Each structure stands twice: as C-alpha cells, then as structure tokens.
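Observations on chain architecture
One-letter residues, chain by chain:
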Amino acid sequence: MDPEHPDTEDAVGTLHDAALVLGPDDQVLWVGRAAADHGPDADHHLDLGGRAVVPAFVDSHTHLVFAGDRSAEFEARMSGAAYDGGGIASTVAATRAATDDELRRLLADRVAEMRDQGTGVVEIKSGYGLDMATETRLLRLAREVTGEVTFLGGHVVPPEYRSCRGDYVDLVTGPMLAAAAAYARWVDVFCEPHSPYAFTEDEARAILVAGRAAGLGLRVHGNQLGAGPGVRLAVELDAASVDHCTYLTAADVDALAGGSTVATLLPGVEFSTRHPYPDARALLDAGVRIALATDCNPGTCFTSSMPFVIALAVRELRLTPQEALWAATRGAADSLGRDDIGRIAVAARGGVTVIDAPSHRHLAYRAGVPLARRLTTAP
Ligand code: NIG
Ligand code: FE
C-alpha cells in the first residue's frame, strides 16, 4: 500500500521476500527486501514464514457505543421486513439506561473483537444518546479508545422531538455541538428522505455547517435507502466522506468525480438489510476514491470484521482483491484525512496485520476463515 517504495512491484506497492521493523506503538521503522540491509537493528526477530503482511485495516465508519439487542429486527428483515431507521429508538432507550461502566465494557469488547480480526485505527460515532447528557457521555467514552471520534447527534430525531423537529436541530447545532466539540474530530448526519426519522437536506446542511464552524470535519450518511440529496450535499460542502452510497444516480457519480469527497462503501449493510449493492465499478471507472468500512452497528450491520467486508467487496462489489485491500486501508485512511495510517511505510502508524496465507487474495478467497491478526510489539 505504498507504491512510492523503491522496491515496489506493482501499482499497490507489493514487495515479495520483504522484512519490516516495528518500533514502539507499532510504528514502522523500516521496510524493504529481506535480503537487503535490514535497516535499524531489532531486539526481537520473527519469521512469518512467507505469510502476507498488510497495513492494519482502517475501519473508518462504526457506531460502537451502544447497549441493547436488535437481533429480532434482523431476523424480521431476513423474512422481508424493511429497514427505515425506526429501530434506532430502541437502541437509544437501552443506551440512555446503561451506565458508563456498562457502555465502556461493551465498547472495549467490540474494539477487541476488531483488533483480533486485523483492524488498527477505528472511527467511532455517537448517535445513540440524542440528548445532551448521553451524547456527551458516548463521545467521552469513544475518545477513551480512539482519536477518530464523530459527533452524530444528527442520527435521527429522537421520539420526544418528533412533533418539533426544528427544536431538535437547534439543540444539535447549538448546545449539544458545543459540548461535543471537546471530544469529537468529526460531525456526521443521516441525510435520508426515505426515512421519516432521519434529516432532510436543509436540516442536514444546517448541522454540517454548524459543525464546520465549531471546527469539526464533515462526514455524511447519504443515499442509503434510496436516491437523494446526501451525496450532492456532501460534495457541495467538501465533506471528507459520504458513506453508504447505495443508491447513486449518474449525476451523483459525476459530482463525486468532480470533488474530493471519498465515497465510503459499507457492503455489510446491504448484506444485512437485503438492499442492492452499490455500483462500485461506476465509481472506480469515474475516478472516485473509495473506502470500505464495517458500519458496525446494532441495526443495519452488526459485523466487526473487515475481512468479511473485503470478501463482500470482491464478491458483490466486483472489486479486485487489490482494490478491496486498498479501499480498506489507504482508502479508509484517506476518508479520515490521514496519510500516516493504512500503509506500510517508514513512520507509518496504525499497525500491521498478518494474513495466515501467502497473499492478500486469501482474505476474499477464504471468506469466513479467521486469517487476519494484528502483529504487535505490545506484550
Ligand atoms: O449507518 N443510517 C443510519 N445509521 C446506521 C444504522 C443505525 C441503526 O439502525 O441502529 C447506519 O446504517
Ligand atoms: Fe453508519
């Protein structure tokens, strides 16, 4: 994932017979041919036996801080029920009722599950509090485990504000945002005309503009349940990322190609909601930069597995294994505005992942097999 490396063999930066040196905090200190000068001395040597090493996956879209269980909603959907965002209210109720310690433990277990499957950096959104106290709590807990924290007070209009939506938008753009800015790096909004609970284009614009004025970077949930204004709005405001992109018009693809917003694809959501998969090839053919992430959340996709997402991307989005790996590492790093993660290069952070196989292709080829694990210098 570093095509600028002098020994690289292809467009994604593959090196065969390679070695690397990891420093404290799993920072890459050296990488190159195993037979060449090994760079800095290492305290410990580990022979990986020809296994593939890739950058640790960057999961750039998750909703990990929540309580409650919605497996029955998933079961109903598999028998034909539609997803419209209404189930979010039950997670909000369970999350508001949970203590900090309960949420911290649930979050830690989910992050550990991700790390055990090869993920390095993870982005975490709030959005299951939807009141001042609980949103702030969720952001504070997320900040304990990652710097990539996203304020999603604009997830849905909570039940108590359904008859006065404008008052909720005022809360999100006012006091809630002011409290969130201490913990969050990003602001996100669910802009979706096909859900009665999500936000209209004008409401979403107000939330994003206020977030930017508070110093936050912009992300958007757009075009998830049908064609709509989300992608256009994200490009208009030069958001770092627009996520889902399930239903894209030709005009949406053109807008993305003409802007710098990354299109983040979440094929686990299509898997778990029985929606059609997005046209990833149209995006790539138009030159749009794409990312892959899990969207790990209790409603639309409760997987923590980037290898599963990569397998779906190859099988269902028709990405090549190289394109899928790129989108799950460099692409996702791009969507977070980071060039220090998602690659194996000197000074890169975020860790590296070993595939228990001779190449990255096996991630999709051997779908469902736990091949990926983080390589770490930590005890
Ligand atoms: O990314 N689209 C909105 N938010 C989540 C789902 C949230 C939920 O159903 O709990 C998503 O799909
Ligand atoms: Fe999401």
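These notes cover the structure that comes with them. (Residues numbered from 1 in each chain as written. Chains lettered and ligands numbered in written order. Predicted model: local features only at pLDDT ≥ 70, side-chain atom pairs only at ≥ 80, totals over all residues. Heavy atoms only, no water.)

Before going further, it helps to spend a moment on the site of ligand 1. Every one of the 15 residues lining ligand 1 counts as a neighbour, but Arg-70, Tyr-83, Tyr-128, Gln-224 and Asp-295 are closest to it. Take His-155: an N or O atom from its side chain is 2.8 Å from a nitrogen atom of ligand 1. Asp-295 is positioned such that a nitrogen or oxygen atom in its side chain is 2.7 Å from an oxygen atom of ligand 1. Contact with the protein chains covers 100% of the free accessible surface of ligand 1, which is 330 Å². For the shell around ligand 1, the residue count by class is four nonpolar, nine polar and two charged. (Near = heavy atom within 4 Å. Polar contact = N/O pair within 3.5 Å; in protein donor to acceptor, adjacent residues only side chain to side chain. Areas by Shrake-Rupley, 256 points an atom, 1.4 Å probe, with all protein chains shown as cover. Nonpolar A, V, L, I, M, F, W, Y, C, P; charged D, E, K, R; others polar.)

Let's shift gears to the nonpolar core. Ranked by internal contacts, the top residues of the largest apolar core, which has 84 residues, are Phe-57, Phe-151 and Leu-292. Listed in part, the 10 residues of the second largest apolar core include Leu-22, Leu-48, Val-354 and Leu-375. (Core = buried A, V, L, I, M, F, W, Y, C linked by side-chain atoms within 4.5 Å. Buried < 20%, exposed > 50% of the residue type's maximum accessible area, 1.4 Å probe, protein only.)

For the rest of this paragraph, the subject is the side chain of Lys-125. Relative to the elements of secondary structure, Lys-125 occurs in strand S6 (residues 124-125). In terms of polar contacts, Lys-125 uses its side chain to reach the side chain of Glu-123, at 2.7 Å. Among the polar contacts made by the side chain of Lys-125, one reaches the side chain of Asp-188 at a distance of 2.8 Å. Residue contacts for Lys-125: discarding those within four places in its chain leaves His-61, Thr-62, His-63, Leu-64, Val-65, Thr-150, Leu-152, Asp-188, Arg-219 and His-221. (Helix = DSSP H or I, 4+ residues; strand = E, 2+ residues; numbered from the N terminus. Contact = heavy atoms within 4.5 Å.)

This part takes up the pattern of salt bridges. Enumeration over the complete set of coordinates arrives at 26 salt bridges. Taking the shortest distance from any N to any O, the salt bridge between Asp-356 and Arg-51 comes out at 2.6 Å. Placement of Asp-356 in the loop between strand S13 (352-355) and helix H13 (362-365) and of Arg-51 in the loop between strand S2 (28-33) and strand S3 (52-55) is noted, with a sequence separation of 305 residues between them. What makes Asp-356 partly exposed here is its relative accessible area of 41%. (Salt bridge = Lys/Arg side-chain N within 4 Å of Asp/Glu carboxyl O.)

As a further point, take the coordination of the iron ion (ligand 2). The coordination sphere of the iron ion (ligand 2) contains the protein donors His-61 (NE2), His-63 (NE2), His-221 (NE2) and Asp-295 (OD), at a distance range of 2.0 to 2.3 Å. Summarised as a motif, the one-chain spacing of the donors to the iron ion (ligand 2) is H-x1-H-x157-H-x73-D. Here His-221 lies in strand S9 (residues 217-222) and His-63 lies in the loop between strand S4 (57-59) and helix H1 (71-78), a separation of 158 residues in the sequence. The exposure classification of His-63 matches that of His-221, with both residues buried. (Donors = N, O, S within 2.8 Å, 3.2 Å for Na, K, Ca; no water.)

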